[in-house]
Amino acid sequence: MRFLFKTDYEDDIKLFPHSGYVVTYGVLLGLLLIAPYVLSSYLMSQLVFVCIYATVGVALLILTGFTGQASLGHAAFLAIGAYTAAYLQKYNVPFPVYFLAAGVLTGIIGAMVGFPALRLTGIYLVIATISFALIVEEILARWESVTHGNEGMRVKTLSLLGVAVPRDSPTFYYLCLAVLVLTIVGTLNLLRSPTGRAFVAIRDSETAARSMGVNVALYKVKSFAISAAITGFAGVLFAHKLSFISPEMFTLQLSIEFIIVILIGGTFSLHGAVLGAIFIVMIDPFLTYLKDDMPGIIAGVAAAFGAGTATAGDIEAKVAAFASLNGLKGAIYGIIIVLFVLFEPLGLYGRWLKIKLFFQLFPLYKRATFKRQKIYVKSERNR
């Protein structure tokens, strides 16, 4: 067991609390760097989506996890970033320029959304962000001179310093990985800054934050702008990975997926955003396996236990029909949300913390260690 004794403020805000973190993250980064040379193209494609989803997850954590502002409109910010890239590409704007332009434009729009949302909290803020997402989706479908409407837009192959970077190349994977790493490191530094501490103060208690001199309105708008800008950067990579974008790709379901990313991973952990992204990206391969392979496996098991050929065929047909239901993916999302809210509100990263603490304190670990104390002073009831 390692005990850390902090003797000054610098110890408290270190990027790496001790050398073990440097070794662990160094090994992880090394494994990610050699991944294109040892994994199949399919797995590399999934890793790219993990990087993109994790980047959006970190952006959403800044707004929801660290500032306490709920949002179901991040699919709209992703769409703005993607369409900005596709539109500027038509005029041969270089990648670094339209990449930055997408982030800046999305950040400005995020700030504009943040201003009207200042007086809204809880479910009312969620409704406002849903409304924003629906408005953006409608604009993308109707503004045909810019977005080509429901026909969608082709996105050209990314060109970096005059060299083409195909979406399935290792270079594109390294680019997505670099954006994710820079986003995580930048967010860690943001949280160690006065701005990040103001975000957390607002999340914990707006009344207490105001009493300490925090300009709550200003920092809420900053949080919306920063979160939206990072999502805009991810939107550029998302557009290049898919090579085609259309309004129906940026629906409310995509925003719900982003919420599930941070809910599964942990609403207060950057590690959790990555874990949640891995989990959510693997849902589609799981559904494909459930539809293509599982019916035959279940029918084979039934036949092994004495079921006749007709019975086994009937079982296979019923399982295949169930796996092909239109609402199955949404139902799985709903079940996942309910299970995590009921049994593990801290997400996968919270579970890892419990396992780690169990071995650190064994045999003195208490199950109630992570139980939240529901004791509030009168002023906290008004936050």
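This section reports on the structure supplied with the text. (Residues numbered from 1 in each chain as written. Predicted model: local features only at pLDDT ≥ 70, side-chain atom pairs only at ≥ 80, totals over all residues. Heavy atoms only, no water.)

1. Re the overall build of the chain
This is how the line gets drawn: Counting from the N terminus, the helices are DSSP H or I runs at least four residues long and the strands are E runs at least two residues long. Our radius of gyration is a C-alpha quantity, and the globule rule it is checked against amounts to 2.2 Å times the number of residues to the power 0.38. The rule is simple: take the accessible area with a 1.4 Å probe, protein chains only, and divide by the maximum for that residue type; under 20% is buried, over 50% is exposed, in between is partly exposed. In this analysis, two residues are considered to be in contact whenever any of their non-hydrogen atoms come within 4.5 Å of each other. Calculation of accessible area relied on Shrake-Rupley with a 1.4 Å probe; when residues are assessed, cover is drawn exclusively from the protein chains displayed. Neither His nor the chain ends is counted toward charge; the positive residues are Lys and Arg and the negative residues Asp and Glu. Here the site of a charge means atom NZ of a Lys, CZ of an Arg, CG of an Asp or CD of a Glu.
For the chain, the helix and strand inventory stands at 18 helices and four strands. A compact globule built from 383 residues would reach a C-alpha radius of gyration of about 21 Å, and the chain, at 23 Å, matches this within 12%. Oriented by its inertia axes, the alpha-carbon framework of the chain measures out at about 70 × 65 × 45 Å. For the chain, buried positions account for 43% of its 383 residues. Put simply, of all contacts in the chain between residues at least 6 apart along the chain, 76% involve residues at least 24 apart. Carbon and sulfur atoms form 67% of the exposed surface of the chain, whose accessible area is close to 20800 Å². Within the chain, the 20 negative side-chain charges are centred at a point lying 10 Å from the centre of the 30 positive side-chain charges.

2. Things to note about the packing of aromatic side chains
Selection criterion: Pairing of aromatic side chains requires ring centres within 6.5 Å, counting the rings of Phe and Tyr and the six-membered ring of Trp. Pairs whose planes differ by under 30 degrees are stacked, by over 60 edge-to-face, and all others tilted.
On inspection of all chains with the given rule, the structure shows ten aromatic pairs. Seen in terms of ring centroids, F77 and F132 are 5.1 Å apart; in terms of plane orientation they differ by 40°. Their pairing is tilted. With F77 in helix α4 (residues 74-89) and F132 in helix α6 (residues 122-142), the pair connects residues that are 55 residues apart, well separated along the chain. Take F77: its relative accessible area is 2%, and that puts it in the buried class. The rings of F95, Y98, F99 and F233 are connected pair by pair, giving a single aromatic cluster.

3. With respect to the nonpolar core
Cut-off, in case you're wondering: In these notes, a set of buried Ala, Val, Leu, Ile, Met, Phe, Trp, Tyr and Cys residues joined through side-chain atoms within 4.5 Å is what counts as a nonpolar core.
Of all hydrophobic cores here, the largest spans 78 residues; its most connected members are Y53, L78, I245, F250 and I280. Among the elements that line this core, the one with the most residues is helix α3 (residues 41-65), at 13 residues. Counting twelve residues, the second largest nonpolar core, distinct from the first, contains A59, A198, F199 and V214.

4. As for helix α12 (residues 252-265)
The condition that has to hold: A helix is expected to span 1.5 Å for every residue after the first.
Under the 1.5 Å per step criterion, the end-to-end length of α12 is 20 Å for 14 residues, consistent within 8% with the ideal 20 Å. Buried residues of α12: L254, S255, E257, F258, I260, V261, I262, L263, I264 and G265, and no others. A positive backbone phi angle near 130° is found at G266, which sits one or two residues after α12.

5. Some thoughts on α4
Relative to the 22 Å expected for 16 residues at 1.5 Å per residue, α4 spans 23 Å between its end C-alpha atoms, a close match to the ideal helical length. Counting buried residues along α4, 14 of its 16 residues qualify, which places the element largely inside the surrounding structure.

6. Remarks on the pattern of salt bridges
To keep it simple, the criterion reads: A pair is scored as a salt bridge if a Lys or Arg side-chain nitrogen falls within 4 Å of a carboxyl oxygen belonging to Asp or Glu.
Under the defined criterion, the tally for this structure stands at six salt bridges. In this structure, R210 and E206 form a salt bridge, with 3.6 Å as the shortest nitrogen-oxygen distance. Here E206 and R210 lie together in helix α10 (residues 206-211), a separation of four residues that amounts to about one turn. For E206, the salt bridge goes to K220, with nearest N and O atoms at 2.9 Å.

7. Looking at the side chain of K241
For the record, the criterion: Under the rule applied, a polar contact is a pair of N or O atoms within 3.5 Å (in protein, one hydrogen donor and one hydrogen acceptor; residues adjacent in sequence only if both atoms are side-chain atoms).
Position of K241 among the secondary structure elements: in helix α11 (residues 216-242). Of the polar contacts made by the side chain of K241, one reaches the side chain of S45; its length is 3.2 Å. With near-sequence residues (within four places) excluded, K241 lies in contact with S45, V48, F49, I52, R167, D168 and F172.

8. Topic: unusual backbone geometry
Even without being a glycine, H148 presents a positive backbone phi close to 65°. On the secondary structure map, H148 appears in the loop between α7 (144-147) and β1 (153-154).

9. Let's talk about the packing of α4 against α11
Under the convention used in this document: Lines are fitted to the C-alpha atoms to define the axes, a helix being fitted only along its stretch in contact, and any angle between axes, read from their N-to-C directions, falls within 0 to 180 degrees. By the definition adopted for this analysis, an angle is roughly parallel if under 35 degrees, roughly antiparallel if over 145, roughly perpendicular if from 65 to 115, and oblique otherwise. By convention the crossing between two helices is left-handed if the near helix lies anticlockwise of the far one by an angle smaller than a right angle, and right-handed if it lies clockwise. Each residue gets one label: Ala, Val, Leu, Ile, Met, Phe, Trp, Tyr, Cys and Pro are nonpolar, Asp, Glu, Lys and Arg are charged, and the others, such as Gly, are polar.
Running from amino to carboxyl end, α4 crosses α11 at an angle of 55°, the nearest separation of the two axes being 7 Å. The pairing of α4 with α11 is recorded here as oblique in orientation. Judged by the twist between their axes, the crossing of α4 over α11 is right-handed. Here H74, F77, L78, G81, A82, A85 and Q89 of α4 come into contact with α11, specifically with S227, A228, T231, G232, A234, G235, V236, F238, A239 and H240. Taken together, the residues of the contact of α4 with α11 break down into nine nonpolar, eight polar and no charged.

10. A word on the side chain of S205
Within the element layout of this structure, S205 appears in the loop between α9 (194-204) and α10. A residue is classified by how much of its surface remains accessible, and S205, at 7% relative accessible area, is buried. A polar atom in the side chain of S205 sits 3.2 Å from the backbone nitrogen of A208.

11. Focus on the environment of G103
Checked against the element boundaries, G103 lands in helix α5 (residues 95-114). The class of G103 is buried, set by a relative accessible area of 2%. In sequence terms G103 and I80 are 23 residues apart; their C-alpha atoms lie 9.1 Å from each other. Once you skip the residues sitting within four places of it in the chain, G103 turns out to touch A229 and F233.

12. Remarks on the environment of R167
For R167, the location among the structural elements is in the loop between β3 (163-165) and α8 (170-192). For R167, a relative accessible area of 38% gives the class partly exposed. When the C-alpha atoms of R167 and L242 are compared, they prove to be 7.9 Å apart, with 75 residues separating the residues in sequence. Sequence-distant contacts of R167, defined by excluding residues within four places in its chain, comprise F172, H240, K241, L242 and S243.

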